[in-house]
Amino acid sequence: MSACLPHPLLHTAAHPQDLLGRPLHDLRLSVIDACNFRCPYCMPAEKVGPLHGTDAGSRLSFAQMETLVRGFVALGVRKLRITGGEPLLRKDLPTLIARLAAIEGLDDLALTTNGSLLARHAKALRAAGLSRITVSVDTLDHEGFRVLSGGRGELHDVLDGIQAARDAGFSPIKFNCVVQRGVNDDQLLPLVDYARRHGDVMRFIEYMDVGTCNGWRRERVVPSREIHAAIHARWSLRPLDANYRGEVAKRHAFIDGQGEVGFVSSVSAPFCGDCHRARVSADGRLYTCLFAGDGHDVREALDAGEAALIERVAGLWRRRGDRYSEQRGRDAASRRHVEMFLIGG
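In this text the structure is predicted, and so the values were computed from the model without any measurement. (Residues numbered from 1 in each chain as written. Predicted model: local features only at pLDDT ≥ 70, side-chain atom pairs only at ≥ 80, totals over all residues. Heavy atoms only, no water.)

> It is not clear to me how the overall build of the protein chain should be interpreted in this structure. Could you clarify?
The helix and strand inventory of the protein chain stands at 12 helices and 12 strands. For the protein chain, the C-alpha radius of gyration of 19 Å lies close to 20 Å, the compact-globule estimate for 345 residues. At a minimum sequence separation of 6, the contacts of the protein chain that also span at least 24 residues come to 74%. Split by element, the accessible area of the protein chain, about 14400 Å² in all, is 50% carbon and sulfur. One way to put it: in the protein chain the 46 positive side-chain charges average out to a point 2 Å from where the 42 negative ones average out. (Helix = DSSP H or I, 4+ residues; strand = E, 2+ residues; numbered from the N terminus. Rg over C-alpha atoms; globule rule 2.2 N^0.38 Å. Contact = heavy atoms within 4.5 Å. Areas by Shrake-Rupley, 256 points an atom, 1.4 Å probe, with all protein chains shown as cover. Lys, Arg positive; Asp, Glu negative; His and termini not counted. Charge placed at Lys NZ, Arg CZ, Asp CG, Glu CD.)

> Could you clarify how one ought to interpret the state of the cysteines in this entry?
A disulfide bridge is the covalent bond that connects two cysteines by way of their sulfur atoms. Here the structure, examined in full by the defined rule, presents 0 disulfides. You can see Cys-39 has no disulfide; the closest cysteine sulfur is in Cys-35, sitting 6.2 Å from it. Taking relative accessible area as the criterion, Cys-39 reaches 16% and is therefore assigned buried. Residue Cys-177 stays outside any disulfide, its sulfur separated by 11 Å from that of Cys-39, the closest cysteine. (Disulfide = S-S within 2.5 Å. Buried < 20%, exposed > 50% of the residue type's maximum accessible area, 1.4 Å probe, protein only.)

> Would you take a moment to explain the pattern of salt bridges for this structure?
In a structure, side chains of opposite charge can pair up when their charged atoms sit close to one another. Counting across every chain of the model gives 16 salt bridges. A salt bridge links Lys-79 to Asp-108; the nearest nitrogen and oxygen atoms lie 3.4 Å apart. Linking Lys-79 in strand 2 (residues 79-83) with Asp-108 in strand 3 (residues 108-113), this pair joins segments that are 29 residues apart in sequence. Since its relative accessible area comes to 22%, Lys-79 is described here as partly exposed. What you see here is one network of salt bridges that share partners, running through Asp-18, Arg-22, Arg-320 and Asp-322. (Salt bridge = Lys/Arg side-chain N within 4 Å of Asp/Glu carboxyl O.)

> Honestly, the sheet that holds strand 2 in this entry has me stumped. Any pointers?
Across a sheet, paired strands are connected by hydrogen bonds in the backbone, their directions being either parallel or antiparallel. Pairing within the open sheet is mixed, and its 12 strands lie in the order 7-8-9-6-5-4-3-2-1-10-11-12. With partners counted over all chains shown, the strands left at the sheet margins are strand 7 (237-239) and strand 12 (296-297), one partner each. Here strand 1 (residues 26-30) runs beside strand 10 (residues 277-280); their pairing, made up of 4 bridges, is parallel. Bridge assignment links Leu-27 to a residue of strand 10, and that residue is Ala-278. (Pairing = 2+ DSSP bridges.)

> Looking at this structure, how should I read the packing of helix 4 (residues 118-128) against helix 6 (residues 155-168)?
Two elements in contact, helix 4 and helix 6, have axes separated by 8 Å at closest approach and are oriented at 20°. Classed by the angle they form, the pair helix 4 and helix 6 counts as roughly parallel. Regarding helix 4 and helix 6, the two cross each other, and that crossing is right-handed. Touching Leu-118, Ala-119, Ala-122, Lys-123 and Arg-126 of helix 4 are Asp-160, Gly-161, Ile-162, Ala-164, Ala-165 and Ala-168, all from helix 6. For the contact of helix 4 with helix 6, the per-class residue count stands at 7 nonpolar, 1 polar and 3 charged. (Axes fitted to C-alpha atoms, helices over the stretch in contact; angles between N-to-C directions. Parallel < 35°, antiparallel > 145°, perpendicular 65-115°, else oblique. Left-handed = near helix turned anticlockwise from the far one by under 90°. Nonpolar A, V, L, I, M, F, W, Y, C, P; charged D, E, K, R; others polar.)

> Help me understand the packing of helix 2 (residues 62-74) against helix 3 (residues 93-101) in this model?
In a pair of packed helices, the angle between the axes and the distance between the axes together describe the arrangement. Their axes nearest at 10 Å, the elements helix 2 and helix 3 cross at an angle of 30°. As summarised for this structure, helix 2 and helix 3 are arranged roughly parallel, according to the angle between their axes. As for the relative orientation of helix 2 and helix 3, their crossing is right-handed in sense. On helix 3, the residues touching Phe-62, Ala-63, Met-65, Glu-66 and Val-69 of helix 2 are Leu-93, Thr-95, Leu-96, Arg-99 and Leu-100. Taken together, the residues of the contact of helix 2 with helix 3 break down into 7 nonpolar, 1 polar and 2 charged.

> Please explain the packing of aromatic side chains as it appears in this structure.
Each aromatic ring pair is characterised by the separation of its centres together with the angle its planes make. Enumeration over the complete set of coordinates arrives at 3 aromatic pairs. Here the aromatic rings of Phe-175 and Tyr-194 are separated by 5.7 Å at their centres, their planes lie at 40°, and the arrangement is tilted. With Phe-175 in strand 5 (residues 174-179) and Tyr-194 in helix 7 (residues 188-198), the pair connects residues that are 19 residues apart, well separated along the chain. Tyr-194 gets classed as buried once you look at its relative accessible area, which sits at 10%. Residue placement shows Arg-126 over the ring face of Phe-170; its charged tip is 4.9 Å from the ring centre. Across from the ring centre of Phe-254, 4.6 Å away, lies the NZ or CZ of Arg-196, which sits over that ring. (Phe/Tyr/Trp six-rings, centres within 6.5 Å; stacked < 30°, edge-to-face > 60°. Lys NZ or Arg CZ within 6 Å of the ring centre and 35° of its normal.)

> Mind showing me how you'd approach the environment of Asn-114 here?
Inspection of the secondary structure puts Asn-114 in the loop between strand 3 and helix 4. Along the sequence, Asn-114 and Cys-35 sit 79 residues apart, while their C-alpha atoms lie 9.2 Å from each other. Each residue touching Asn-114, except ones within four places of it in the same chain, is listed here: Cys-35, Asn-36, Phe-37, Glu-86, Val-135, Ser-136 and Val-158. Within polar-contact distance, the side chain of Asn-114 engages the side chain of Asn-36 at 3.0 Å. (Polar contact = N/O pair within 3.5 Å; in protein donor to acceptor, adjacent residues only side chain to side chain.)

Here it is, written out as structure tokens:
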């Protein structure tokens, strides 16, 4: 990534802070809302249907996405993550990556994928300038993987994609696992062992009430402290300092020096106070919280140019007061949430 340079449009909006004094530093940009999996905690087939996905004409174009990211960088964003749906379903994605990687001031460009299509795309993504890859892997059991992908995925395809990413130069690779009690909580040690053997990083995410179609129940949540205890009993851990303020995962290193593991604890230990992430859906709606009920359409401003987009986003961010995870369970927080597959988690 290029060094951070002053942006010619900064004078129009500066770096905004929301109502709780939180700056805007991270952007998660969905490039497509379609997915080839039907994971029950995200996009259950019985609720979403087999052919979900907006038509290509409703999605932001690559030119619009480039303008959008330039505007967000002007407002202080330094980290960009490409999401979906499944982002590798977006045609010619390496072309978009190359355009985004060239933007001055963007320090980190990452992608989250289910990994099933990664084998055919990893090399091109790396050549285009993608910095990092995160792969969602909830189990290393082949039959369990089929179940957790809604009957649409095969673990060997994902493992092949991970190896292709390693061969392309992505290292370390991060793995995300959403842990559910009685579903895949028996996979903690096998997943950690796999990541350790390959020099990669495992991150365990508490099962969250994102969206309204996944049938979330609190009793299925396995708190991070319980996950940590199980891992620590096998491989001793020590806490690490955050790489930056607002880092989502609490990181711990293995005392034997063989890598690290992270824990994302939105349910048991909310981190709203340091949340500086925005999300934009593939059809151009800005969501200021993972648990937002609705987004703000920014396409009109985007079509008017970068300066108009900057003014629009800055105004929306300054009015932001979201802290859903801290209010979870209260009447005010019991509202409809945007589905995770629309904004990439």
